[in-house]
Amino acid sequence: MSGRLTAGLVVLGALVAGAVLGLVLVAPAGPSPPPPAATSQPASVPSFSSPASDADVAATNVLANAIVDAIKRGDATEFGRLTCEPQTSQALAELQSKWDAAGPLTVTLARPPNVAGDSAGVTVHVEGPGGRKDTPFPMHRERGRWCVPG
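The rules behind each value
- Residues numbered from 1 in each chain as written.
- Predicted model: local features only at pLDDT ≥ 70, side-chain atom pairs only at ≥ 80, totals over all residues.
- Heavy atoms only, no water.
- Helix = DSSP H or I, 4+ residues; strand = E, 2+ residues; numbered from the N terminus.
- Buried < 20%, exposed > 50% of the residue type's maximum accessible area, 1.4 Å probe, protein only.
- Areas by Shrake-Rupley, 256 points an atom, 1.4 Å probe, with all protein chains shown as cover.
- Expected span 1.5 Å × (residues − 1).
- Arc of directions from axis to C-beta.
- Core = buried A, V, L, I, M, F, W, Y, C linked by side-chain atoms within 4.5 Å.
- Contact = heavy atoms within 4.5 Å.
- pLDDT = per-residue confidence, 0-100.
- Phe/Tyr/Trp six-rings, centres within 6.5 Å; stacked < 30°, edge-to-face > 60°.
- Disulfide = S-S within 2.5 Å.

Draft legend 1. Quick look at the overall build of the protein. A tally of regular secondary structure across the protein gives four helices and four strands. Going from the N terminus to the C terminus, the protein shows its helices and strands as α-α-α-α-β-β-β-β. For the protein, buried positions account for 36% of its 150 residues. Counting every atom, the protein has about 8,100 Å² of accessible surface; 58% of that belongs to carbon and sulfur.

Draft legend 2. Just helix α4 (residues 89–102), in detail. A rise of 1.5 Å per residue sets the reference length of α4, with its 14 residues, at 20 Å; its end C-alpha atoms lie 20 Å apart and thus fit the reference within 8%. Among the residues of α4, those classed as buried are Ala91, Leu92, Leu95, Trp99 and Ala102. Taken down its axis, α4 places every buried residue within 95 degrees of arc, on the same side. Residues of α4 that are exposed and angled more than 90 degrees away from the buried face: Ser89, Gln90, Asp100 and Ala101. Of the residues flanking the end of α4, it is Gly103, one or two places downstream, whose phi is positive at about 80 degrees.

Draft legend 3. Quick look at the nonpolar core. One finds Leu63, Ile67, Ile71, Phe79, Val107, Val124 and Phe137 to be the most contacted residues of the largest nonpolar core, which totals 23 residues. Elements that contribute at least two residues to this core include exactly α2 (54–73), α3 (76–81), α4, β1 (106–116), β2 (119–128) and β3 (131–142). Broken down by element, the residue count for this core peaks at six residues, all from α2. Contact partners of Phe137, with chain neighbours within four places excluded, come to Ile67, Ile71, Phe79, Ala120, Gly121, Val122 and Val124.

Draft legend 4. Fine view of the confidence of the model for the protein. Across the protein, the average pLDDT comes to 76, with 67% of residues at 70 or higher. Confidence over residues 1–49 falls short of pLDDT 50; this stretch has 70 contacts with residues more than four positions distant or in other chains.

Draft legend 5. Examining the packing of aromatic side chains more closely. Under the defined criterion, the tally for this structure stands at two aromatic pairs. Where Phe79 meets Trp99, the ring centres are 5.9 Å apart and the plane angle is 80 degrees; that geometry is what we call edge-to-face. Taken as a pair, Phe79 in helix α3 and Trp99 in helix α4 lie far apart in primary sequence, 20 residues in all. A relative accessible area of 4% places Trp99 in the buried class. Ring geometry for Phe79 versus Phe137: centroids 6.2 Å apart, planes at 65 degrees, classification edge-to-face. Here Phe79, found in helix α3, pairs with Phe137, found in strand β3; they are 58 residues apart in sequence, far enough to count as distant. Comparing Phe79 with Phe137 shows no difference in burial state: the two are buried.

Draft legend 6. Representation of the state of the cysteines. The full count for this structure, using the stated rule, is one disulfide. Shown here is the disulfide that connects Cys84 with Cys147, its sulfur atoms set 1.9 Å apart. Torsion about the S-S bond of the Cys84 and Cys147 cystine: about 95 degrees, corresponding to right-handed handedness. Remark: Cys147 occurs in strand β4 (residues 145–147) and Cys84 occurs in the loop between α3 and α4; sequence separation between them is 63 residues. For Cys84, a relative accessible area of 6% puts it in the buried group.

So this is what it looks like as structure tokens:
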């Protein structure tokens, strides 16, 4: 296996692990206290002052809504199509198992994507039997396509 492919798979595994961890935190685990009121945007969602092109705003909105839809439907395969690098069937099966265990989720965009150049970020709000969480998702344009990087 080439070093580049191995590195890509490692990065992709980290992405899946982060998404799984975010969703595991809202999986059923008994009653939990309400989260503290958010006073600022999560650090990993960039806040940009320069205006983005209409095409980039539209493309990142499409990607953000696709992320929400994949999580809402618990469709790990669809989420895997949104990543910049292909995911292994094992990583997708693990993610699917976590989503299945989480039960029904309510998923919305906490705020619209922020875009600057080839980078963007969006915050997804997830509520489930185990609580609620705002999870930042970075986005990046690679080879002319917006995707979730690893």
